[in-house]
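Coordinate analysis (summary)
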Amino acid sequence: MAKGKSKNSCKTMKVYQNKATMIEIIFVVCVLMLILLVQGQKLNATLSFREQLTDELKQQIKNEKQRTENISEMQKYMKSDAYLKKVAKGKLGLVKDNEIIFKESD
């Protein structure tokens, strides 16, 4: 009878060890899943921040392209005869040969 008890005791011990091992494995898997969840949240926050930054940079690029276009148009205008005439009359006080300038007296 001692041998039967010993076999039962051995089986019981193995079942207990198997359950303990399963619980340990489940615990490790849960910890790993928790770590992955936290890292995923951090990555989502980083991604959201980077997308916002990308949108802001795209807007800045658009604004700078518009500014560059305005500068190019201003350059063309400053090379034109109309601009030269305007500057000559306004700043330098030059007139054409047949023009008369009337000024108001104070």
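In the block above lies the structure referred to throughout.
Just so it is clear, the structure is predicted and the values come from calculations on it, not from any experiment.

Each value, and the rule that gives it
Residues numbered from 1 in each chain as written. Predicted model: local features only at pLDDT ≥ 70, side-chain atom pairs only at ≥ 80, totals over all residues. Heavy atoms only, no water. Helix = DSSP H or I, 4+ residues; strand = E, 2+ residues; numbered from the N terminus. Rg over C-alpha atoms; globule rule 2.2 N^0.38 Å. Buried < 20%, exposed > 50% of the residue type's maximum accessible area, 1.4 Å probe, protein only. Areas by Shrake-Rupley, 256 points an atom, 1.4 Å probe, with all protein chains shown as cover. Lys, Arg positive; Asp, Glu negative; His and termini not counted. Charge placed at Lys NZ, Arg CZ, Asp CG, Glu CD. Phe/Tyr/Trp six-rings, centres within 6.5 Å; stacked < 30°, edge-to-face > 60°. Salt bridge = Lys/Arg side-chain N within 4 Å of Asp/Glu carboxyl O.

Here's the deal with the overall build of the protein
- A count of helices and strands for the protein gives two helices and zero strands.
- Relative to the globule expectation of 13 Å for 106 residues, the C-alpha radius of gyration of the protein, 43 Å, shows a markedly less compact shape.
- Within the span of the protein, comprising 106 residues, buried residues form 1% of the whole.
- Carbon together with sulfur atoms contributes 62% to the accessible area of the protein, which is approximately 10800 Å² in total.
- For the protein, the separation between the mean place of its 20 positive charges and that of its 12 negative charges on side chains is 26 Å.

Observations regarding the packing of aromatic side chains
- For the coordinates displayed, the defined rule picks out one aromatic pair.
- When the ring of Tyr77 is compared with that of Tyr83, the centres are 5.3 Å apart and the planes differ by 70°; the resulting orientation is edge-to-face.
- For Tyr83, a relative accessible area of 21% corresponds to the partly exposed category.

Remarks on the pattern of salt bridges
- On inspection of all chains with the given rule, the structure shows one salt bridge.
- Two residues, Arg67 and Glu64, come together in a salt bridge whose shortest N-O distance is 3.4 Å. Residue Arg67 and its partner Glu64 are both found in helix α1 (residues 2-78); the two are separated by three residues, about one turn of the helix.
- By relative accessible area, which is 43% here, Glu64 ends up partly exposed.

As for the environment of Glu24
- Summarising the element assignment, Glu24 is placed in helix α1.
- Take Glu24: its relative accessible area is 52%, and that puts it in the exposed class.
- As for Glu24 and Thr54, which are separated by 30 residues in sequence, their C-alpha atoms are 45 Å apart.

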